[in-house]
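Coordinate analysis (summary)
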Amino acid sequence: MSSTEASTPPSQRGDRVFGALAKGAGITILVVLAGVALFLLVEAFPALTAPASELPDGKSLIAYVAPLAFGTLLSATLAILIAVPLALAVAIFISFYAPKRIAGTLGSIVDLLAAIPSVVYGLWGIVVLGPAIVPLHEWLADHLSFIPFFAGQASATGRTMLTVGLVLAVMILPIITAISREVFLQTPRKLTEAAYGLGATKWEMIRMTVIPFGRPALISASMLGLGRALGETMAVTMILSAAGVVSFKLLTATNPSSIAANIALQFPESSGIDVNVLIASGLVLFAITLVVNMTARWVIARSNLVNA
Amino acid sequence: MPSETEFEKVVDGVGEHSPLDLIERPTKPAERQVTEVASTIEVTNLDIYYGAFHAVADVNMTIPPNAATALIGSSGCGKSTFLRAINRMHELTATARAEGSIVMDGQDIYAPGVDPVEVRSKIGMVFQQPNPFPTMSVYDNVAAGLKLNNRKIKKAELDEIVEKSLRGAHLWNEVKDRLNRSGMDLSGGQQQRLCIARAIAVEPAVLLMDEPASALDPISTLAIEELISELKHRFTIVIVTHNMQQATRASDYTAFFNIEQSGQPGRMVEMDRTEKIFSNPTHQATEDYVSGRFG
Ligand SMILES: Nc1ncnc2c1ncn2[C@@H]1O[C@H](COP(=O)(O)OP(=O)(O)OP(=O)(O)O)[C@@H](O)[C@H]1O
Ligand SMILES: [Mg+2]
């Protein structure tokens, strides 16, 4: 084939240029990612090797990071559990039920939620949402305390894991809603008509065609949201007064912090080995996020296989 | 029904060989089919609009039961529009609107208070492009409509109806070993027969088909036509087709639609027994169209 190379038609040249650009972009991302991982590893190294006595509070690194990792996962999981059904409902409502005039406006409002800085969400959590849901906290603690999540003395300020979960859920709602709407509207018309032609109601049509069709995208969107919730700093930092515990109790005033929040809080006052410890915790967050994303890819690939 | 399979075996042994042998077919439909009384559809003064555009004007026709009625006519004359109005599918198009009446079993399906969902479960539809639900298995595709209309159906009963419908669509032998595989794994012709099985599983009174074989190869097309001749013993069938041979082979009645010039609404020129339309139609326009002199 080398003999034809001299007369490469322009269209193929375009393909090559674009291919090279795409490849370059892909490699850049990998390089940046590897760079970040390397930085974290190198900077965390002193903390990984130092004896426990030299670390903050004289605790081992694992004992230090574990509650933070736990808090990170708990708050993010809570956020996803709240946000995904809500986003699904909002996306379905906007796409299929809202009158045309309202649908556009509603969509923009949800999108706007993404533009609010997280400091504002933090403040809103402390000043508005937290106090507002104190009664909810009390009700749950009174009536459902047999469920471990709702055990313990309900906080009087509402600055709890539950509030954090709700605030994070609102923060990741727009991305999940937007992607879901986008995909729902692409449901092939021949499928929706097939469902209607069988005598399906609108809701049955959505269940038979729209949701299965949008499922891989919904999973991707949820994982994007989860990624954001895992790394969210300000809102968690502001709402929780951290207590370095591992506790599933969502309603009490004693809560674990998250990795990102802890770094934001401690970094300005840290020096020496303390900085290395914080970076080591960052390394853990990096690993968690990586695992979450890879799991998401795997889940999507699998559900595509089933669909194919 | 064990007797049915036995009958098939006997017939297979005797059967003459044709390309169609590749595909399941009933060799003697008349003996196998018990005629069930389907519904007559009475269309009166039907006008259909898309926004301000008058697409179909003043259709009056009686669609007889237990027969296949073909709708023919040049592209854009409103055949699909009319067909979709029969089960109120046109309402899925935001701008579409129909005026007039369509009476089935003594009930005007356009009357206020009539639920279009109800109408569509009695008047099934098969589309031009095969459209099985891609995330569902062959079995679930056939069962999809049943699960809608009768949620508490028993598994054994469901199995029975799925098998009966797949047999009815001449697909059973080809898919019985892969009922749990995706419907998308089937060939185009098989997918279309799957869609027919899905439509007949809910036992509609009427089956509307919009060019159901136009995306298929000649053998699959013949298979669909044979299927139609058989299904009309149980259902009232309305089929849109651009294929004149198909109309003559598969239908008992033919309605010719025409459009005088673009921008004008389409109208039904005449409807009669298929032989009459193709040999000795009343109107010149019909004569021109069926003999290929139009334009
Ligand atoms: N959704 C729609 N909105 C506006 N106009 C439409 C719509 N669907 C069809 N029409 C118009 O209505 C007229 C009839 O269309 P229809 O699809 O019923 O024709 P047809 O006879 O089925 O044609 P074909 O044989 O090509 O399928 C055409 O002029 C078409 O442009
Ligand atoms: Mg058409």
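This one's a predicted model, so the numbers in the text were calculated from it and none came from an experiment.

**Quick notes on the overall build of chain A**
Looking only at helices and strands, one finds 11 helices and zero strands in chain A. Shown N-terminal to C-terminal, the secondary structure of chain A runs as helices and strands in the order α-α-α-α-α-α-α-α-α-α-α. The principal-axis extents of the C-alpha atoms in chain A amount to approximately 70 × 60 × 35 Å. Counting all 308 residues of chain A, 36% fall into the buried class. Expressed as a percentage of contacts within chain A between residues at least 6 apart in sequence, the contacts between residues at least 24 apart total 80%.

**Structural notes on the overall build of chain B**
Looking only at helices and strands, one finds 12 helices and 10 strands in chain B. Pairs at least 24 residues apart make up 70% of the contacts formed inside chain B by residues separated by at least 6 positions.

**Describing the interface of chain A and chain B**
In this assembly, 15 residues from chain A lie in contact with 19 residues from chain B. The element that contributes the greatest number of residues to the side of chain A that touches chain B is helix H7 (residues 189-197) of chain A, accounting for six residues. Of the residues assigned to the side of chain A that touches chain B, the class counts are seven nonpolar, five polar and three charged.

**Considering the site of ligand 1**
Residue and element names in this part refer to chain B. Every residue close to ligand 1 is listed here: Tyr50, Phe53, Ala55, Ser75, Gly76, Cys77, Gly78, Lys79, Ser80, Thr81, Thr93 and Thr95. Secondary structure elements with two or more residues in the shell around ligand 1: strand E2 (53-63) and helix H3 (79-86). The leading source of residues in the shell around ligand 1 is H3, at three residues. Here the residues of the shell around ligand 1 are counted per class, giving four nonpolar, seven polar and one charged.

**Notes on the packing of helix H2 (residues 61-97) of chain A against helix H6 (residues 161-184) of chain A**
Helix-helix packing is characterised by the crossing angle of the two axes and by the distance between the axes. All names here are of chain A. Two numbers describe how H2 lies on H6: the axes approach to 6 Å, and their chain directions differ by 40 degrees. Judged on the interaxial angle alone, H6 and H2 are oblique. The chirality of how H2 crosses H6 is right-handed.

**A look at the packing of H2 of chain A against helix H8 (residues 202-231) of chain A**
Residue and element names in this part refer to chain A. Direction vectors running N to C along H2 and H8 enclose 145 degrees, while the axes themselves pass 9 Å from each other. The interaxial crossing formed by H2 with H8 has right-handed handedness. Of the residues in H8, those in contact with Thr72, Ser75, Ala76, Ala79, Ile80, Ala83, Val84, Leu88, Ile92 and Phe96 of H2 are Lys202, Ile206, Leu218, Ser222, Gly225, Leu226, Ala229 and Leu230. Each residue belonging to the contact of H2 with H8 can be placed in one class, and the counts come to 13 nonpolar, four polar and one charged.

**Quick word on the sheet that holds strand E3 (residues 68-72) of chain B**
All names here are of chain B. Pairing is mixed in the open sheet, where 10 strands are placed in the order E5-E4-E1-E2-E10-E9-E3-E8-E7-E6. Of all strands in the sheet, those bounded by a partner on one side alone are strand E5 (107-108) and strand E6 (123-126). Bridge count between strand E1 (residues 41-50) and E2: seven bridges; the pairing is antiparallel. Residue Ile48 lies in a different strand from E2, and its bridge partner there is Val56.

**Concerning the environment of Thr163 of chain A**
All names here are of chain A. Of note, Thr163 is situated in helix H6. Residue classification places Thr163 among the buried positions, given that 28 C-beta atoms sit within 10 Å. For the pair Thr163 and Thr233, spaced 70 residues apart in the sequence, the C-alpha separation amounts to 15 Å. Setting aside anything within four residues of it in sequence, one finds Thr163 in contact with Gly125, Leu129, Gly130, Ile133, Gly158 and Ile239.

**Describing helix H9 (residues 218-231) of chain B**
Residue and element names in this part refer to chain B. In this model H9 runs 20 Å from its N-terminal to its C-terminal C-alpha over 14 residues, within 8% of the 20 Å that 1.5 Å per residue would give. Burial of H9 is extensive: 10 of the 14 residues sit out of reach of the surface. Of the positions making up H9, those classed as buried are Ser220, Thr221, Leu222, Ala223, Ile224, Glu225, Glu226, Leu227, Ile228 and Leu231.

**Here we look at H7 of chain A**
Owing to its 3.6 residues per turn, the α-helix brings residues three or four apart onto one side. Those residues of H7 of chain A that fall on the buried side of the exposure criterion are Leu191, Thr192, Ala194, Ala195, Tyr196 and Gly197 of chain A. Once H7 of chain A finishes, Gly199 of chain A follows within two positions and takes phi at roughly 90 degrees, a positive value.

**Re the pairing of E3 of chain B**
All names here are of chain B. Of all five residues that make up E3, five are buried, and the element is covered over most of its length. Where E3 meets strand E8 (residues 236-240), four bridges bridge the pair, whose relative direction is parallel. Each bridged residue has a counterpart across the sheet, and for Ala68 the counterpart in E8 is Ile237. Where E3 and strand E9 (residues 253-259) come together, four bridges link them in parallel fashion. Looking at the pairing, Ile72 lines up with Phe256 of E9.

**Observations concerning the environment of His137 of chain A**
Residues and elements named next belong to chain A. Following the sequence through the fold, His137 ends up in helix H5 (residues 134-143). Given 23 C-beta atoms within 10 Å, His137 falls into the buried group. A sequence separation of 90 residues divides His137 from Gly227, and the C-alpha atoms of the two residues are 27 Å apart. Discounting chain neighbours no more than four positions away, the residues touching His137 are Ala154, Ser155, Gly158, Thr160, Leu162 and Leu251.

**Concerning the confidence of the model for chain B**
Residues and elements named next belong to chain B. Chain-level pLDDT for chain B is 86 on average; 86% of the residues reach the 70-or-more range. Mean pLDDT across the secondary structure elements of chain B bottoms out at helix H1 (residues 2-14), with 40, and peaks at E3, with 96. Within the model, the stretch residues 1-19 combines pLDDT values under 50 with four contacts to residues more than four positions away or in other chains. Counted against residues more than four places away or in other chains, residues 26-33, with its pLDDT under 50, gives eight contacts. Our summary of model confidence lists the complex with pTM equal to 0.81 and ipTM equal to 0.84.

**Observations regarding the environment of Pro212 of chain B**
All names here are of chain B. Mapped onto the elements, Pro212 comes out in the loop between strand E7 (206-210) and H9. With 30 C-beta atoms counted inside 10 Å, the residue Pro212 sits in the buried group. It is 8.0 Å that separates the C-alpha atoms of Pro212 and Pro130, two residues lying 82 residues apart in sequence. Apart from residues no more than four positions distant in its own chain, Pro212 is found in contact with Val126, Gln128, Gln192, Ile224 and Ile239.

Conventions adopted
- In every chain, residue numbers begin from 1 and rise along the written sequence.
- Chains carry letters from A onward and ligands carry numbers from 1 onward, assigned in written order.
- pLDDT decides what is reported in this predicted model: residues at 70 or higher carry local features, side-chain atom pairs at 80 or more are listed and counted, and totals for whole chains, interfaces and linings draw on all residues regardless.
- A run of DSSP states H or I qualifies as a helix once it reaches four residues; a run of E qualifies as a strand once it reaches two. Both are numbered from the N-terminal end.
- Whether a residue is buried, exposed or partly exposed is read from the other C-beta atoms within 10 Å of its own C-beta, which are placed from the backbone; 20 or more gives buried, 12 or fewer gives exposed, and intermediate counts give partly exposed.
- Working definition of a contact: two residues with C-beta atoms, positioned from the backbone, lying within 7 Å.
- When residues are grouped by polarity, Ala, Val, Leu, Ile, Met, Phe, Trp, Tyr, Cys and Pro land in nonpolar, Asp, Glu, Lys and Arg in charged, and all others, Gly among them, in polar.
- Nearness between a residue and a molecule or strand is assessed with a C-beta atom placed from the backbone; a distance within 6 Å qualifies.
- Interaxial angles span 0 to 180 degrees and are taken between N-to-C directions of axes, which are lines fitted to C-alpha atoms, for helices over the stretch in contact.
- Note that the term roughly parallel is reserved for angles under 35 degrees, roughly antiparallel for angles over 145, roughly perpendicular for angles of 65 to 115, and oblique for everything else.
- Crossings are assigned a handedness: left-handed for a near helix turned anticlockwise from the far helix by less than a right angle, right-handed for a clockwise turn.
- A pair of strands is treated as paired once DSSP finds two or more bridges between them.
- Helix span is expected to be 1.5 Å times the residue number reduced by one.
- As a per-residue quantity, pLDDT reports the predictor's confidence and falls between 0 and 100.

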